[in-house]
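Examination of the molecular architecture
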Amino acid sequence: MARDDSKMSTLFSDRPLLVFWEMTKACHLACLHCRANAQYEGGPDELSTDEGRALIDELAAAGRPRPILILTGGDCLMRDDIVDLARYARQHDVPVAIAPSVTPRLTTPTLLGLRGEGVKSASLSLDGASPEVHDGVRGIPGHFVSTLRAIRQLKDLGFTVQVNTTAMPSNTHQLADVATLLHEYDVDVWEVFFLITTGRGSDVIATSAQENEDVCHFLVDASRYGFTVRTVEAPFFRRVAYERKELGERAPSDTGLLYDQLSARLAELLGPSNAPIRAPSAATRDGKGIIFVGANGTVTPSGFLPLSLGNVRDQSLMSIYRENELLRSIRAADFRGVCGRCSFANLCGGSRSRASAVFGDPLGSDPGCLLVANETLAFHDVA
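Now for a look at the structure at hand. Every chain begins its residue count from 1, and numbering advances along the sequence as written. Only residues with pLDDT of 70 or above have their local features reported here, since the model is predicted, and side-chain atom pairs are shown and tallied only from 80 upward, although totals for entire chains, interfaces and linings are computed over all residues. Side-chain measures here rest on the full set of heavy atoms in the structure, leaving out hydrogens and waters.

1. Some words on the overall build of the protein chain
- The helix and strand inventory of the protein chain stands at 15 helices and eleven strands.
- Accessibility here uses a 1.4 Å probe with only protein chains present; expressed as a share of the type maximum, an area under 20% marks a residue as buried, one over 50% as exposed, and anything in between as partly exposed. Looking at the protein chain residue by residue over its 383 residues, the buried ones come to 58%.
- Only heavy atoms matter for contacts: two residues are in contact if any of them lie within 4.5 Å across the pair. The long-range fraction of contacts in the protein chain, counting pairs at least 24 apart against all pairs at least 6 apart in sequence, stands at 75%.
- Here the open area of atoms and residues is found with the Shrake-Rupley method and a 1.4 Å probe, where only the protein chains shown may cover a residue. When the accessible surface of the protein chain is summed, it comes to about 15,300 Å², and 50% of that surface belongs to carbon and sulfur atoms. Starting at the N terminus, helices and strands are each numbered in turn, a helix being any DSSP run of H or I of at least four residues and a strand any DSSP run of E of at least two.

2. A closer look at helix α14 (residues 352-359)
- Those residues of α14 lying buried are Arg352, Ser353, Arg354 and Ala355.
- Buried-residue contacts for α14 involve β6 (189-194), α9 (236-245), β8 (285-286), α12 (325-331) and α13 (338-341).
- If you check the start of α14, you find a side-chain oxygen 3.4 Å away from the backbone N of Ser353, and it comes from Ser351.
- Positive backbone phi, at 70 degrees, marks Gly360, one or two positions downstream of α14. Identification of polar contacts relies on pairs of N or O atoms within 3.5 Å, with a donor-acceptor requirement for protein atoms, meaning one able to donate a hydrogen and the other able to accept it, and with residues adjacent in sequence counted only if both atoms are side-chain atoms.

3. Overview of the nonpolar core
- Residues belong to one nonpolar core when they are buried, are Ala, Val, Leu, Ile, Met, Phe, Trp, Tyr or Cys, and are joined through side-chain atoms within 4.5 Å. Ranked by size, the top nonpolar core spans 101 residues in total, and within it Ile98, Trp190 and Phe218 carry the most contacts.
- The residues touching Phe218, leaving out its near neighbours within four places in the chain, are Leu175, Ala176, Ala179, Trp190, Tyr259, Leu262, Ser263 and Leu266.

4. So, the side chain of Gln162
- Tracing the backbone shows Gln162 in strand β5 (residues 160-167).
- Looking at Gln162, its side chain comes within polar contact range of the side chain of Asn164, at 2.7 Å.

5. Things to note about the packing of helix α2 (residues 49-60) against helix α3 (residues 82-91)
- Direction vectors running N to C along α2 and α3 enclose 25 degrees, while the axes themselves pass 10 Å from each other. Relative to α3, the element α2 lies roughly parallel. In this structure, α2 meets α3 at a crossing whose hand is right-handed. Counting all contacts with α2, which are made through Thr49, Gly52, Arg53, Ile56 and Asp57, the residues of α3 involved are Leu85, Tyr88 and Ala89.
- The class makeup of the residues in the contact of α2 with α3 is four nonpolar, two polar and two charged. A fitted line through C-alpha atoms serves as each axis, taken over the contacting stretch for helices, and the angle formed by two N-to-C directions is quoted from 0 to 180°. Any angle from 65 to 115 degrees is called roughly perpendicular, while one under 35 is roughly parallel, one over 145 is roughly antiparallel, and all others are oblique. Handedness of each helix crossing follows the sense of rotation of the near helix against the far helix: counterclockwise by less than a right angle gives left-handed, clockwise gives right-handed. Nonpolar residues are Ala, Val, Leu, Ile, Met, Phe, Trp, Tyr, Cys and Pro. Charged residues are Asp, Glu, Lys and Arg, and all others, Gly as well, are polar.

6. A few points about the packing of aromatic side chains
- Aromatic contacts are taken between Phe, Tyr and Trp rings whose centres are within 6.5 Å, Trp giving its six-membered ring; a plane angle under 30 degrees counts as stacked, one over 60 as edge-to-face, and the others as tilted. The full count for this structure, using the stated rule, is five aromatic pairs.
- Between Trp190 and Phe218, the aromatic rings sit 6.3 Å apart at their centres with planes inclined by 85 degrees, giving edge-to-face as the arrangement. Here Phe218 lies in helix α8 (residues 209-222) and Trp190 lies in strand β6, a separation of 28 residues in the sequence. The burial state of Trp190 is the same as that of Phe218; both residues are buried.
- Each ring, one from Trp190 and one from Phe227, has its centre 6.0 Å from the other, and the planes form 85 degrees; the classification is edge-to-face. Taken together, the residues Trp190 in strand β6 and Phe227 in the loop between α8 and β7 (228-232) connect sequence positions 37 residues apart. Taken individually, Trp190 and Phe227 each receive the classification buried, so the pair is uniform in this respect.
- Three or more aromatic residues joined by ring pairs make a cluster, and in this case those are Trp190, Phe218 and Phe227.
- Over a ring means this: the NZ of a Lys or the CZ of an Arg is within 6 Å of the ring centre and within 35 degrees of the ring normal. Here the basic side chain of Arg53 rests over the ring of Tyr88, its NZ or CZ set 5.8 Å away from the ring centre.

7. Focus on the pattern of salt bridges
- Definition used for salt bridges: Asp or Glu carboxyl oxygen within 4 Å of a side-chain nitrogen of Lys or Arg. Scanning the model with the defined rule gives 23 salt bridges in all.
- When the shortest N-O distance is used, the salt bridge between Asp93 and Arg64 registers 3.6 Å. Placement of Asp93 in the loop between α3 and β3 (96-98) and of Arg64 in the loop between α2 and β2 (68-72) is noted, with a sequence separation of 29 residues between them.
- Given a relative accessible area of 60%, Arg64 falls into the exposed group.
- Between Asp188 and Lys155 there is a salt bridge, with the nearest N and O atoms lying 3.1 Å from each other. Of this pair, Asp188 sits in the loop between α7 (175-184) and β6 while Lys155 is found in helix α6 (residues 143-156), placing the two residues 33 residues apart along the sequence.
- A residue is classified by how much of its surface remains accessible, and Asp188, at 25% relative accessible area, is partly exposed.
- A cluster of three or more residues bridged by salt bridges with shared partners is formed by Asp84, Arg87, Arg90 and Glu117.

8. Some points on the packing of α7 against α8
- Packing of α7 against α8 leaves a shortest axis separation of 11 Å and a crossing angle of 25 degrees. As the angle between them shows, α7 and α8 are arranged roughly parallel. Read as a crossing pair, α7 and α8 show a hand that is right-handed. Contacts between α7 and α8 involve Leu175, Ala176 and Ala179 from the former and Val215, Phe218 and Ala222 from the latter.
- Here the residues of the contact of α7 with α8 are counted per class, giving six nonpolar, no polar and no charged.

Here's what the structure looks like:
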């Protein structure tokens, strides 16, 4: 899913880098933090195969480099037409990645079919380093073992494998152990989601701003062990990575006990590493380089910011992305409060989803950032 960050950043006003299509809300899991409020069967209003082709046609016409279409859900493999749609995308030179659930639908024939249609990247969720923690989140006994087996299966089939982990108070103590598993399984990308209180996640307590800062510094450390690290709804990770990488700050000054514990555990399990930090710096955020198409065609800035901007059944996705006033403000970093004054407004910009969930203002400040929580700013010249 990687692109040249310096080139892509100049295109974000014209087209997104990533288009997430929630193909269905159907999923056989019952994850306690599910953004989609997934259900056992899909709804009658889901985009049809022909409507999916029309969406692909629009991405094909967007110009090069074309946006990457991420097929997600629910569980995207609950759609019987997924291979046909991947074939149509390949025929129109639209790159596709998949984000399936680990269920009996994740079969070798289906995966081989998708590989044959040019799908190179797949992401799976792993929310703990033990059955007790992961299975507790996913709601299915034995799912931890099945997930590790699925990671190996995807690697054996030649996929670039991304593992998604949602950081919550119930699992942050295991993040170093998760990183060790990813190293062992030769995972390519670790994408860590910072919980937003939406969907079923509304009933789950999120990590504090200090915990977020600690986890981000730990993730910089973890990125030295052979996989790229990215975050979702934690754009302040780019600020932390910048401080650690570009400004040469070896010893974090704003970390707490959680970082100390995770850092020590990582060193215990994997030993020291002098490898370069692997943390992309493309300044994407909800509505800037990212756009989300819901199962019924509703367009939102992201899957975690359920604010309707229109519907692809009635409007062009590209016109919504380019012309919507909220999205234009987001891309211009026209924020209120600390986020608006911060010298990292362009590089980071805060989670628009968290600002909306907590304050009801998608242009407000992100309370998950330590700078906002402490009402302090660190001004640096950012290239």
